[in-house]
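Chain by chain, the residues:
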2 protein chains.
Amino acid sequence: MSVHRDAQSFANDCGACPIRHRAVCARCETDELVKLEQIKYYRSYQAGQTVIWSGDRMDFVASVVTGIATLTQTMEDGRRQMVGLLLPSDFVGRPGRSTAAYDVTATTDLVMCCFRKKPFEDLMTGTPHIAQRLLEMTLDELDAAREWMLLLGRKTAREKIASLLAIIARRDASLKEPRAKANAITFDLPLTREEMADYLGLTLETVSRQMSALKRDGVIVLDGKRHVTIPSIDMLMEQTGDDNDGGFLV
Amino acid sequence: MSVHRDAQSFANDCGACPIRHRAVCARCETDELVKLEQIKYYRSYQAGQTVIWSGDRMDFVASVVTGIATLTQTMEDGRRQMVGLLLPSDFVGRPGRSTAAYDVTATTDLVMCCFRKKPFEDLMTGTPHIAQRLLEMTLDELDAAREWMLLLGRKTAREKIASLLAIIARRDASLKEPRAKANAITFDLPLTREEMADYLGLTLETVSRQMSALKRDGVIVLDGKRHVTIPSIDMLMEQTGDDNDGGFLV
DNA sequence: TTCCTTGATTGATCTGCATCAAGGCAGACC
DNA sequence: GGTCTGCCTTGATGCAGATCAATCAAGGAA
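Just so it is clear, the structure is predicted and the values come from calculations on it, not from any experiment.

Calculation criteria
All residue numbers here refer to positions counted from 1 along the written sequence of the relevant chain. Chains and ligands are labelled by the order in which they are written, letters from A for the one and numbers from 1 for the other. Per-residue local features of the predicted model are confined to residues with pLDDT of at least 70, and side-chain atom pairs are confined, for both listing and counting, to 80 or more; whole-chain, interface and lining totals are unaffected and use all residues. Excluding hydrogens and water, the side-chain figures rest on all heavy atoms present in the structure. Put simply, DSSP H or I for four residues or longer makes a helix, DSSP E for two residues or longer makes a strand, and each gets a number counted from the N terminus. Accessible area is worked out with a 1.4 Å probe on protein chains only. A residue is then buried under 20% of its type maximum, exposed over 50%, and partly exposed in between. As used in this structure description, the phrase polar contact means that two N or O atoms lie within 3.5 Å; if the pair is within protein, one of them must be able to donate a hydrogen and the other to accept it, and residues adjacent in sequence are counted only when both atoms belong to side chains. Contacts are assigned to residue pairs that have any heavy atoms within 4.5 Å of one another. Summed over both partners, the accessible surface that disappears when two parts come together, traced with a 1.4 Å probe, is what is meant by buried area. A pair is scored as a salt bridge if a Lys or Arg side-chain nitrogen falls within 4 Å of a carboxyl oxygen belonging to Asp or Glu. Residues were grouped as follows: Ala, Val, Leu, Ile, Met, Phe, Trp, Tyr, Cys and Pro as nonpolar; Asp, Glu, Lys and Arg as charged; and all remaining residues, including Gly, as polar. The criterion for strand pairing is that DSSP finds at least two bridges linking the strands in question. Take the buried residues of types Ala, Val, Leu, Ile, Met, Phe, Trp, Tyr and Cys, join any two whose side-chain atoms come within 4.5 Å, and each joined set is a nonpolar core. Note on geometry: axes are lines fitted to C-alpha atoms, helical ones only across the stretch in contact, with angles between N-to-C directions running from 0 to 180 degrees. Put simply, angles under 35 degrees are roughly parallel, angles over 145 are roughly antiparallel, angles from 65 to 115 are roughly perpendicular, and the rest are oblique. Left-handed describes a crossing in which the near helix is turned anticlockwise from the far one by less than a right angle; the clockwise case is right-handed. Throughout, near means a residue has at least one heavy atom within 4 Å of the molecule or strand. Least-squares fitting of one copy onto the other uses the C-alpha atoms of those residues that reach a pLDDT of at least 70 in both copies. Residues counted as positive are Lys and Arg, residues counted as negative are Asp and Glu, and His and the chain ends are not counted.

1. Thoughts on the side chain of K40 of chain A
All names here are of chain A. Inspection of the secondary structure assignment puts K40 in strand β1 (residues 40-45). Residue K40 is classed as buried on the basis of its relative accessible area of 17%. Only 3.1 Å separates the side chain of K40 from the side chain of Y42, close enough to count as a polar contact.

This is the structure we're talking about:
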């Protein structure tokens, strides 16, 4: 864990706001956390509500506390592509830019922890670790985006679905208690078929068909429309097209 | 231009190494530039040579001085997706990670300006502006990646080709002298048809067919295989599917 | 010159996913 | 109960782009 205090324990002893352990580190604790504390505020959104429209003025940066939000781009004729999925602790917004580049939408009820941009930028200038932490997070997102480019450009519909399920399963598993690598995983899909389609560059019909196919082939078990059980993670990973070096739970 | 000295003039009076004006700013000049100067070194590669393989140890970060390099991901069965195009002044590598995540390949003869990772990281810790500048660059790349996700997921073959041509034309134009918005633009394609296909998530045959179609329709003029003239930028932009708010030369 | 090689073009055919269309199911509300 | 309404499933059909394959053009090298 290097010189930083363990992020998990740090998160535990400082309350709910995830920006504390994602955007800053324990080294900054004494002064900067206090300042962050002073400029932060919370916002809530209902499922389906739009947080911000592409092109709108955006005078804050924020971090997801609970719930799920999506970033989407839309073409004039209505074609849509989701370009990001924001889960708790993910960061939105960009220091140094004043308008939003994407539509941000709450897909579930959502609570975000916001910071007005100007004070946040000022704080960043005086606090090297915040910029470094943000850089680290942004590089992670860039890697994820590039992984997604491979999926969009080269994977088949079945591989796309399997990859999405694997990603959700992994992120979901890492939010719960760490535990021995379980053989079966169960979770609720946070997205409708249409949202899955927008994420994967498919139509909702194709998503539905491939879900049915994976179910028929025993790769997943569907209980209702949303509740998914994955009996064997290995079997799922075989369907993703990725070279899985066994690193499911990293 | 805020308090920073104009990046262009700064680049001009400090020689060829682009990291100077891309990764740091004039405020750091006195001390940090000197230190950067001390730890930097150059590397050259021939066209076609691989700079680094995905998974290899990577103990440096670098910036392209001249030439063009690509980042690609490859699946086990050989499907390839390009996930980045590095033009002069672009940055590769990631502080805080020791292995490469993608194959980096020189598509033309290439010169890179390298910094061993450890000293660079140390320098970054003591120099807030470097981290901030890198953050800015990374956010730009993230935006570009997300734009590319829209292309890969939702655009037709013809729109993909037109978009790629528009991007190359724009980047090429911005490297040359600033000038009045010219009506016609001429440049050499830095990529083979196969590389274009890997970038666009198509096959090389489809790339070739769509290039011929654009030529037949008078959107582009081909002189040989590589030399492209775009008689009307507006006509090209109409083919990209983007809502072009006239912002071709930003 | 002729032979190779490398990259590009063009044609014929195939197929995976989109599109169009018709239900089905479960919860909300009367 | 009935009937919306939102979300999902399933079927029939069409087409954009993949695949397979032949040909071409431009350089080298012998």
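Past the structure itself, the notes keep going.
2. Notes on the interface of chain A and chain B
Between chain A and chain B, the contact holds 48 residues from the first and 48 residues from the second. A combined buried area of about 4400 Å² lies between chain A and chain B, and 56% of that area is made up of carbon and sulfur atoms. Summed over the shared surface of chain A and chain B, the number is 12 salt bridges. D198 of chain B serves as the salt-bridge partner of R154 of chain A, at 3.3 Å between the closest nitrogen and oxygen. Put simply, chain A and chain B have 26 residue pairs in polar contact (both at pLDDT 80 or more) between them. With 21 residues, helix α5 (residues 128-154) of chain A is the largest single contributor of residues to the side of chain A that touches chain B. The residue makeup of the side of chain A that touches chain B, split by class, is 20 nonpolar, 11 polar and 17 charged.

3. So, the pattern of salt bridges
Pairing between side chains of opposite charge can happen when their charged atoms approach one another. With the rule as written, the count across this model stands at 30 salt bridges over all chains. With a shortest N-O distance of 3.1 Å, D122 of chain B and K118 of chain B are connected by a salt bridge. Taken together, the residues D122 of chain B and K118 of chain B, both in helix α4 (residues 117-126) and four residues apart, mark about one turn of the helix. The partly exposed category is assigned to D122 of chain B, whose relative accessible area is 42%. Through salt bridges that share partners, R94 and R97 of chain A together with D140 and D143 of chain B make up one connected network.

4. Some thoughts on the sheet that holds strand β1 (residues 40-45) of chain B
Residue and element names in this part refer to chain B. Strand order in the open sheet formed by four strands is β1-β8-β3-β6, and the pairing between neighbours is antiparallel. Each edge of the open sheet is held by one strand with a lone partner, namely β1 and β6 (91-92). As judged from the six bridges shared by strand β3 (residues 60-66) and strand β8 (residues 110-116), these two strands associate in the antiparallel manner. Among the inter-strand pairings, V64 is bridged to a residue of β8, identified as M112.

5. As for the nonpolar core
Membership of the largest hydrophobic core comes to 116 residues, with the highest contact counts inside it found for M112 of chain A together with M112 of chain B. Non-local contacts of M112 of chain B, meaning those with residues more than four positions away in its chain, are made with Y41, Y42, R43, Y45, V51, F60, A62, S63, V64, V65 and V92 of chain B.

6. Topic: the packing of α5 of chain A against helix α5 (residues 128-154) of chain B
Packing of α5 of chain A against α5 of chain B brings their axes to within 9 Å, and their N-to-C directions diverge by 20 degrees. As judged from the angle between their axes, α5 of chain A and α5 of chain B are roughly parallel. Between α5 of chain A and α5 of chain B the crossing geometry is left-handed. When grouped by side-chain class, the residues that make up the contact of α5 of chain A with α5 of chain B number 20 nonpolar, six polar and four charged.

7. Side note on the protein's contact with DNA strand D
Taken together, 17 residues lie near DNA strand D, and R193, S208 and S212 of chain A together with A157 and T206 of chain B sit nearest. Take R193 of chain A: an N or O atom from its side chain is 2.8 Å from a phosphate oxygen of DNA strand D. Contact between DNA strand D and T206 of chain B: a phosphate oxygen at 2.4 Å from a side-chain N or O atom of the residue. Mapped by element, the contributors of at least two residues to the surface near DNA strand D are α8 (204-216) of chain A together with α8 (204-216) of chain B. Counting residues per element, the surface near DNA strand D draws most heavily on α8 of chain A, which supplies five residues.

8. A few points about the relation of the copies chain A and chain B
Here the second copy of the chain follows from the first by a rotation about an axis and a shift along it. When chain A is fitted onto chain B, the two copies agree to an RMSD of 0.0 Å after a turn of 180 degrees and an axial shift of 0.0 Å. Classification of the inter-copy transformation places it as that of a two-fold axis.

9. Observations concerning the sheet that holds strand β11 (residues 227-230) of chain A
The strands making up a sheet associate through backbone hydrogen bonding, with each pair oriented either parallel or antiparallel. Residue and element names in this part refer to chain A. Taken together, the three strands give an open sheet; going across it, the order is β9-β11-β10, and neighbouring strands pair in antiparallel fashion. Only two strands of the sheet have a single neighbouring strand rather than two, namely β9 (185-188) and β10 (221-223). Sheet twist, expressed as the average angle between the axes of neighbouring strands with direction ignored, equals 20 degrees. Bridge analysis of β9 against β11 gives four bridges, and the strand direction is antiparallel. By the bridge assignment, T186 is partnered in β11 with T229.

10. So, the side chain of K160 of chain A
All names here are of chain A. In this fold, K160 is placed in helix α6 (residues 157-175). Nearest to the buried, unbridged K160 among oppositely charged side chains is E159, at 8.8 Å. Those residues in contact with K160, other than ones at most four positions away along the chain, are L151, L152, K155, L200, G201 and L202.

11. Looking at the packing of helix α7 (residues 193-200) of chain A against α8 of chain A
All names here are of chain A. One can describe the packing of α7 onto α8 by two numbers: an axis separation of 8 Å at closest approach and a directional angle of 105 degrees. When the interaxial angle is binned, α7 and α8 end up roughly perpendicular. Judged by residue contacts, R193, E194, M196 and A197 of α7 engage L204, V207 and M211 from α8. Per-class residue counts for the contact of α7 with α8 are five nonpolar, no polar and two charged.

12. Details of α7 of chain A
Residues and elements named next belong to chain A. Most of α7 sits inside the fold, with six of its eight residues counted as buried. Residues of α7 that are buried: R193, M196, A197, D198, Y199 and L200. Note on α7: the residue one or two positions beyond its end, G201, has a positive phi of about 70 degrees.

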